[in-house]
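If you want the building blocks of each chain, they are given just below.
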Amino acid sequence: MPKTKFQEVIFTIMMVFVMVYAMICYNIALNIGGMSNEVFLSAFHELVIMGPIAFVLDFFFVGTIAKKKALKIVNPEKENPFHLVLAISFISVAFMCPLMSLAATILFKHAGNQFIAVWLQTCAFNFPMALCWQIFYAGPLVRFLFRLIFLEKQKEGNMQKAFE
């Protein structure tokens, strides 16, 4: 979808915000034993830490890997192009979930000598939520908003050219 580096940055920021904020809310709710209005505000405190970590991981490493791996699985010329979107989403979650769970374990879990066990448990709890959230909600929402933002700008540019 993004066609320029600028668009890639904007798309990644949007996706990171939607994914990381939701996953932080989920993890806080798990830690306190359920959902409450307080969770939504508390999540912003962790977002300023986890957001930049997720951006760097996704923009510089995982995004590139996910696209390359997805292109080995899906041939967009022979298959529905949406299969490529799904493949990228699946692969991104497969890499980002353990990495972000590792960051959360290091920064927030105070795991001590149970570090590996806590990290694996965090991954196990986060993976199904991250995958479902990405496939059914975050991915479609961010792609819709991204198209809305950049299609409007593209139309404005085309309109200006038409009147020149």
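Above this note sits the structure.
Visitor: What exactly am I supposed to notice about helix 3 (residues 81-109) here?
Guide: Helical periodicity: at 3.6 residues per turn, an α-helix aligns residues three or four positions apart in one direction. Along its 29 residues, helix 3 runs 40 Å from first to last C-alpha, staying within 8% of the 42 Å computed at 1.5 Å per residue. The axis of helix 3 is deflected most strongly, by about 25°, at Met-96, and proline Pro-98 appears within four residues downstream. Of the residues flanking the start of helix 3, the one acting as N-cap is Asn-80, its side-chain oxygen 2.9 Å from the backbone nitrogen of Phe-82.

Visitor: Looking at this model, I keep getting lost on the packing of aromatic side chains. Mind explaining?
Guide: For any two aromatic rings, the description comes down to two numbers: the centre-to-centre distance and the angle of the planes. Tallying each qualifying case throughout the model produces eight aromatic pairs. Relative to Phe-150, the ring of Phe-6 lies with its centre 6.3 Å away and its plane at 75°, an arrangement referred to as edge-to-face. With Phe-6 in helix 1 (residues 5-32) and Phe-150 in helix 4 (residues 115-163), this residue pair connects regions lying 144 residues apart in the sequence. A network of ring pairs unites the aromatic residues Phe-6, Phe-11, Phe-146 and Phe-150 as a single cluster.

Visitor: Is there a simple way to think about the layout of surface pockets in this case?
Guide: Leftover empty space is mapped by rolling, across the atoms, a probe with the size of a water molecule. In this structure, the largest pocket encloses a volume near 1000 Å³. Taken together, 41 residues line the largest pocket, and the ones lying closest to its centre are Met-15, Asp-58, Ser-92, Met-96 and Gln-134. Listing elements by their share of the lining of the largest pocket, those giving two or more residues are helix 1, helix 2 (37-73), helix 3 and helix 4. When its residues are assigned to classes, the lining of the largest pocket shows 24 nonpolar, ten polar and seven charged.

Visitor: Looking at this model, I keep getting lost on the environment of Met-1. Mind explaining?
Guide: When you line up the elements, Met-1 lands in the segment before helix 1. Take Met-1: its relative accessible area is 39%, and that puts it in the partly exposed class. Along the chain, Met-1 and Phe-11 lie ten residues apart, while their C-alpha atoms are 8.7 Å from each other. Setting aside anything within four residues of it in sequence, one finds Met-1 in contact with Gln-7, Phe-11, Arg-143, Phe-146 and Arg-147.

Calculation rules
Each residue is numbered by its place in its chain's sequence as written, counting from 1. Given that this is a predicted model, residues contribute local features only at a pLDDT of at least 70 and side-chain atom pairs are listed and counted only at 80 or more, while totals for whole chains, interfaces and linings are drawn from all residues. Side-chain figures throughout are based on the complete set of non-hydrogen atoms in the structure, without hydrogens or water. A run of H or I in DSSP counts as a helix once it spans at least four residues, and a run of E counts as a strand once it spans at least two, with each numbered from the N terminus. Helix span, expected: 1.5 Å multiplied by one less than the number of residues in the helix. Two axes define the bend at a residue: one fitted to the seven residues ending there, one fitted to the seven starting there, and the bend is the angle between them. Each polar contact in these results corresponds to two N or O atoms within 3.5 Å; when the atoms are within protein, one needs to be able to donate a hydrogen and the other to accept it, and residues that are neighboring in sequence are counted only if both atoms are side-chain atoms. Centres within 6.5 Å make a pair out of two Phe, Tyr or Trp rings, where for Trp the six-membered ring is used; the pair is then stacked when the planes are under 30 degrees apart, edge-to-face when over 60, and tilted otherwise. Buriedness for pockets is judged along seven lines, at least five of which must meet protein on both sides within 12 Å for an open set on the 1 Å grid over protein atoms alone, while cavities are sets there where a 1.4 Å probe fits but cannot get out, and lining residues have an atom within 4 Å of a point. Grid points are joined across faces, edges and corners, and a volume is the space filled by probe spheres set on the points. The nonpolar class holds Ala, Val, Leu, Ile, Met, Phe, Trp, Tyr, Cys and Pro. Asp, Glu, Lys and Arg form the charged class, and all remaining residues, Gly among them, are polar. For every residue, the accessible area obtained with a 1.4 Å probe (protein chains only) is divided by the maximum for its type, and the residue is called buried under 20%, exposed over 50%, and partly exposed between those limits. Should any heavy atoms of two residues lie within 4.5 Å, those residues are considered in contact.

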